[in-house]
Amino acid sequence: MPMLSSVFRNLSDASTDLKAILADKIPKEQERVKNFRKEYGSTVVGDVTVDMMYGGMRGIKGLVCETSVLDPEEGIRFRGYSIPECQKLLPKAKGGEEPLPEGLFWLLVTGEIPTEAQVKSLSQEFANRAALPSHVVTMLNNFPANLHPMSQFSCAVTALNSESKFAKAYSEGVHKTKFWEYIYEDSIDLIAKLPVVAATIYRNTYHDGKGIGAIDTDKDWSANFSQMLGFDSHEFTELLRLYLTIHSDHEGGNVSAHTVHLVGSALSDPYLSFAAGMNGLAGPLHGLANQEVLVWLTKLQKEIGADPSDEKLKEFIQKTLKSGQVVPGYGHAVLRKTDPRYTCQRDFAQKHLPNDPLFKLVSQVYKVVPPILMETGKVKNPWPNVDAHSGILLQYYGLKEMNYYTVLFGVSRALGVLASLIWDRALGLPIERPKSLSTDGLIKSLKSTAKAA
């Protein structure tokens, strides 16, 4: 009987060991990609126009991203699952209704919906690896309070490179078929440590450096993060679980995801690659956009009041557009409908804070802005994106420091970009090096093509 019990325990351990599951999946996927490339390697995918080349490579199909796909009409799908499906199918904390981000990470890495046991195992893994090296703690505690939280975040992640198992293994000559294993170890370590880094930055910058407390190995990743930030509200923890899940991945071409992939393709370790991605996320056209929304709403309230009529709101929006500015939080490079990430946050607000004045204002803006944008005839997507809503939820629960919001975004985005980085090395993707042309060279090439035709 003891022997039988041992067999069951070993089977259970194997089913909750994410790395072992990956080790089984990777050879099969390597073979599938190898065969696909052998058969279709010379097939042309898509056309590139001059406007695409000058327009930020917008719409060029030039990357492979396994973890998520963004459909213009449908929105994001994580390994084939929509956000509503993830909310329904992914495991939840006891007494909770929102998906656990650990479950989404498991899905992104494996392509499979995890069991509660698998998610619990990953939560404990993160908790066990969360401790920061002393030199990073010292660095964080010595940053000036006026240094932007994203600058602190990027610096601390870069400094964590001292812990890289991949960098050490590479310097010792590890075979390239083993790269993914060390990238995996670094990625799990980094995801585990990010809430500690982020919470330390928050406490130091806004709360006089008061301690963040100890990690509780019985709590999930979000619950520990919430506690370290200094929040004890169950609803705020639920919001954090939802926030960290829906901001995690948005296919491979956005600035932060592409940067991590690009820097990682040079075999920079996950710490250096992720830090580079965070420097991209810090830009106002990417992760900083949720802060821009709140600044705009604050200006709106100051000029026309907290409870304006639709007519007053229309006038303010038209004034914004005529001044050459955009309405922040509206429009998207790919989407052509309301962002599902906006919708699920709106659902959360309708359930937990239906009478909040700022939520009511955002709802009113949602009603008024799209028709105005459509009338201009210049906007392909007049609908709100994720940034139009996230800030007001954080404000409601007391996390009011707008400069910090992009750090939360960064903690979440780690789940997607590091899952992709593991697969980049598992599939042996090479260093990224697209060909560029000068304007003169491009004109000459097009003239030659036209003459030949």
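Predicted model, so just to flag it, every value in this text is computed and none were measured. (Residues numbered from 1 in each chain as written. Predicted model: local features only at pLDDT ≥ 70, side-chain atom pairs only at ≥ 80, totals over all residues. Heavy atoms only, no water.)

1. Some words on the packing of helix α13 (residues 255–265) against helix α14 (residues 270–281)
Two numbers describe a pair of packed helices, the interaxial angle and the distance between the axes.
Right, so step 1: Here α13 crosses α14 at 150°, and the two axes come no closer than 8 Å. As the angle between them shows, α13 and α14 are arranged roughly antiparallel. Helix-helix and strand crossings are classified by hand; for α13 and α14 the assignment is right-handed. Of the residues in α14, those in contact with Val255, Ser256, Thr259, Val260, Val263 and Gly264 of α13 are Leu272, Ser273, Phe274, Ala276, Gly277, Gly280 and Leu281. (Axes fitted to C-alpha atoms, helices over the stretch in contact; angles between N-to-C directions. Helix = DSSP H or I, 4+ residues; strand = E, 2+ residues; numbered from the N terminus. Parallel < 35°, antiparallel > 145°, perpendicular 65-115°, else oblique. Left-handed = near helix turned anticlockwise from the far one by under 90°. Contact = heavy atoms within 4.5 Å.)

2. Points about the pattern of salt bridges
Right, so step 1: Taken as a whole, this structure holds 20 salt bridges when the rule is applied.
Right, so step 2: Notably, a salt bridge pairs Lys25 with Glu112, separated by 2.8 Å at the nearest N-O pair. Taken together, the positions of Lys25 in helix α2 (residues 18–40) and Glu112 in the loop between α5 (101–110) and α6 (116–128) put the pair 87 residues apart, joining distant regions of the chain.
Right, so step 3: Residues Arg32 and Glu29 are paired through a salt bridge, measuring 2.9 Å at the closest nitrogen-oxygen approach. Of this pair, Arg32 and Glu29 both sit in helix α2, 3 residues apart, roughly one helical turn.
Right, so step 4: One network of salt bridges, with partners in common, ties together Lys19, Glu125, Arg129, Lys165, Glu185 and Asp189. (Salt bridge = Lys/Arg side-chain N within 4 Å of Asp/Glu carboxyl O.)

3. Here's the deal with the pairing of strand β2 (residues 75–78)
Right, so step 1: Where strand β1 (residues 68–71) meets β2, 4 bridges bridge the pair, whose relative direction is antiparallel. Across the sheet, residue Val69 finds its bridge partner in β2, namely Arg77.
Right, so step 2: The turn joining β1 and β2, which pair antiparallel and follow one another in sequence, is formed by 3 residues.
Right, so step 3: Judged from the 2 bridges that link them, β2 and strand β3 (residues 81–82) form a sheet pairing that is antiparallel. Bridging from a neighbouring strand, Arg77 pairs with Ser82 of β3.
Right, so step 4: Turn length for the β2-β3 hairpin, with the two strands adjacent in sequence and antiparallel, is 2 residues, and the turn residue Arg79 shows positive phi of about 50°. (Pairing = 2+ DSSP bridges.)

4. Looking at the packing of aromatic side chains
For any two aromatic rings, the description comes down to two numbers: the centre-to-centre distance and the angle of the planes.
Right, so step 1: Across all of its chains, the model carries 17 aromatic pairs by this definition.
Right, so step 2: Between Phe166 and Tyr170 the ring centres are 6.0 Å apart and the planes differ by 35°, which places this aromatic pair in the tilted class. Of this pair, Phe166 and Tyr170 both sit in helix α9 (residues 165–171), 4 residues apart, which is roughly one turn of that helix.
Right, so step 3: On the basis of relative accessibility, which here comes to 1%, the residue Phe166 falls in the buried class.
Right, so step 4: The class for Tyr170 is partly exposed, based on a relative accessible area of 44%.
Right, so step 5: Consider the rings of Tyr202 and Tyr206, whose centres lie 5.5 Å apart with planes at 50°: the pair is tilted. You can see Tyr202 and its partner Tyr206 sitting in helix α10 (residues 179–206), 4 residues apart, about one turn around the helix.
Right, so step 6: Residue classification places Tyr202 among the buried residues on the basis of a relative accessible area of 1%. (Phe/Tyr/Trp six-rings, centres within 6.5 Å; stacked < 30°, edge-to-face > 60°. Buried < 20%, exposed > 50% of the residue type's maximum accessible area, 1.4 Å probe, protein only.)

5. Observations concerning the nonpolar core
Right, so step 1: Formed by 112 residues in total, the largest nonpolar core has its most connected members in Phe105, Phe153, Phe225, Leu229, Leu297, Leu399 and Tyr404.
Right, so step 2: It is α10 that provides the largest number of residues to this core, a total of 15 residues.
Right, so step 3: When near neighbours in sequence (up to four residues on either side) are disregarded, Tyr404 contacts Pro149, Ala198, Ala199, Ile201, Tyr202, Tyr206, Phe225, Leu229 and Leu399. (Core = buried A, V, L, I, M, F, W, Y, C linked by side-chain atoms within 4.5 Å.)

6. Observations concerning the UniProt feature "active site" (unreviewed entry) in the protein
Right, so step 1: Taken from the UniProt record, the annotation "active site" (unreviewed entry) applies to His286, His332 and Asp387. The greatest C-alpha distance among the residues just named is 10.6 Å, despite their covering 102 residues of sequence, which places them together in space.
Right, so step 2: Mapped onto the elements of the fold, His286 is located in the loop between α14 and α15 (289–304).
Right, so step 3: Note on His286: relative accessible area 14%, which makes it buried.
Right, so step 4: Ignoring any residue separated from it by four or fewer positions in sequence, one finds His286 in contact with Asn254, Val255, Ser256, Gly280, Leu281, Asp387 and Arg413.
Right, so step 5: Non-local contacts of His332, meaning those with residues more than four positions away in its chain, are made with Leu70, His250, Arg341, Asn381 and Asn385. (UniProt positions renumbered as here; feature names shortened; annotations may be inferred.)

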